[in-house]
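Structural description and commentary
Chain by chain, the residues run as shown.
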Amino acid sequence: MNFLFKRKLIKMNYFTLILLAFLAAYLFVLISTYIFQRNLLYHPKENNYFGDQLLVPIETAKVQTSDGIELLSWFHNKNLIKYKTILFLHGNAGSLENRIHKINHFKDMKVNFLLIAWRGFNGNKGKPTESGLYEDAESAVQWLKSKGVTEENIIIYGESLGTGVATEIAQNKNFAGIILESPFTSMIDAGKDKYPYLPVRFMLKDKYESDKKIKSIKSPILIMHGKIDNIVPFHMGKKMYELANEPKYYYFSEYDDHMMEYNDKLLNTLKSFIKSLN
């Protein structure tokens, strides 16, 4: 009996050790993810879509934020009075140069544009955070207003992470229109999709809860999303469209991944939407 009891005790200790090791490993993952989560979210040094030649004339500008950061920006002034101006808010990775393949197409559209680099991107000072990016975007709007561009003549264009910023600053405003490319419902939902084993809602610092804000957008809105997006699931873009107020439009592509192809169909959709705002 004593021998059997010892064997059972050893077996219990063995499983206890395994359980404790598992809990320690999980705790380590939790703490590491919490501490370094912004390194997982923001990737300023990633360099996709490089090597494109800039075909549209731009002026290099510096947008000053209220907390003293200068944001490197590209400004294309076709005619600020005659045409609408796009404020382009890029995603969580890369530089202004990585958007050349997109803004080259604006050359053939009747629009001006301001493309800003976030704090911590393109050599800008500071570190990206949710509140910091909101400040960057608001400062860009003020910069355009200082050039004589009214709110009613600004189109807010958010790309990926930039859709979360676009949704925030567009609430209860009179912008000409809103364009969301590959939008997510919230960073909480996106985090749960990628890390289902973590308590994302309680750990996440930068939540970008766009689904709670989109009802407060009164401007016409265009939502674009690829159905085979492997980063932000298509159902999130569809949900954002369903939540949006009228007038609303969509471009849902059968074969686009996260970075949508600027093909004739997408460009015609953009042109038609922009034309409808005049």
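Since the model is a prediction, treat every value here as computed from it, not as a measurement.

Attention now moves to the nonpolar core. L87, L89, F106, I156 and Y208 are the most contacted members of the largest nonpolar core, which has 83 residues in total. Discounting chain neighbours no more than four positions away, the residues touching L87 are L114, I116, A137, A140, V141, L144, I154, I155, I156 and Y157.

An α-helical segment advances 3.6 residues per turn. Residues three or four places apart therefore align on the same side. Those residues of helix α7 (residues 234-243) not exposed but buried are F234, M236, G237, M240, Y241 and L243. In the core, the buried residues of α7 are packed alongside α4 (161-169), β6 (177-181), α5 (187-194), β7 (221-226) and β8 (248-253).

Turning our eyes to something else, we now look at the pattern of salt bridges. Between side chains of opposite charge, a pair can form when the charged atoms approach closely. Tallied over the full model, the rule gives 11 salt bridges. Salt-bridge contacts for K145 lead to E151; the nearest nitrogen and oxygen are separated by 3.3 Å. Residues K227 and E254 are paired through a salt bridge, measuring 2.9 Å at the closest nitrogen-oxygen approach. You can see K227 sitting in the loop between β7 and α7 and its partner E254 sitting in the loop between β8 and α8 (264-276), a full 27 residues away along the chain. Ionic contacts of the salt-bridge type, sharing partners, join the residues R99, K102, E159 and E181 into one network.

This part takes up the side chain of D229. Along the chain, the position of D229 falls in the loop between β7 and α7. K194 provides the closest opposite charge to the buried, unpaired D229, separated from it by 7.0 Å. At a separation of 2.9 Å, a polar atom in the side chain of D229 contacts the main-chain amide nitrogen of V232. Here the side chain of D229 touches H258 through a polar contact of 2.8 Å, side chain to side chain. Beyond its immediate chain neighbours, meaning those up to four positions away, D229 contacts S182, D256, D257 and H258.

Summarising the sheet, strand β1 (residues 59-64) and strand β2 (residues 70-76) pair through 6 bridges and their orientation is antiparallel. Bridge pairing in β2 places K62 opposite L72. The turn joining β1 and β2, which pair antiparallel and follow one another in sequence, is formed by 5 residues; a positive phi near 85 degrees is taken by G68.

With that out of the way, let us pick up the pairing of β7. With 6 of 6 residues buried, β7 lies mostly within the body of the structure. Because side chains alternate across β7, one face comprises the buried residues I221, I223 and H225, and the other comprises L222, M224 and G226, equally buried. Here β6 pairs with β7 via 4 bridges, running parallel. If you follow I178 over to β7, its bridge partner there is I221.

Taken in spatial order, the 8 strands of this open sheet run β1-β2-β4-β3-β5-β6-β7-β8, and their pairing is mixed. Each edge of the sheet is formed by a strand with only one pairing partner; in this case those strands are β1 and β8. With strand direction ignored, the average angle separating the axes of adjacent strands in the sheet is 20 degrees. Pairing of β2 with strand β4 (residues 111-116), which is carried by 4 bridges, proceeds in the antiparallel orientation. Each residue of the ladder has a partner; that of F75, found in β4, is L114.

Conventions we followed
- Residues numbered from 1 in each chain as written.
- Predicted model: local features only at pLDDT ≥ 70, side-chain atom pairs only at ≥ 80, totals over all residues.
- Heavy atoms only, no water.
- Core = buried A, V, L, I, M, F, W, Y, C linked by side-chain atoms within 4.5 Å.
- Buried < 20%, exposed > 50% of the residue type's maximum accessible area, 1.4 Å probe, protein only.
- Contact = heavy atoms within 4.5 Å.
- Helix = DSSP H or I, 4+ residues; strand = E, 2+ residues; numbered from the N terminus.
- Salt bridge = Lys/Arg side-chain N within 4 Å of Asp/Glu carboxyl O.
- Lys, Arg positive; Asp, Glu negative; His and termini not counted.
- Polar contact = N/O pair within 3.5 Å; in protein donor to acceptor, adjacent residues only side chain to side chain.
- Pairing = 2+ DSSP bridges.
- Axes fitted to C-alpha atoms, helices over the stretch in contact; angles between N-to-C directions.

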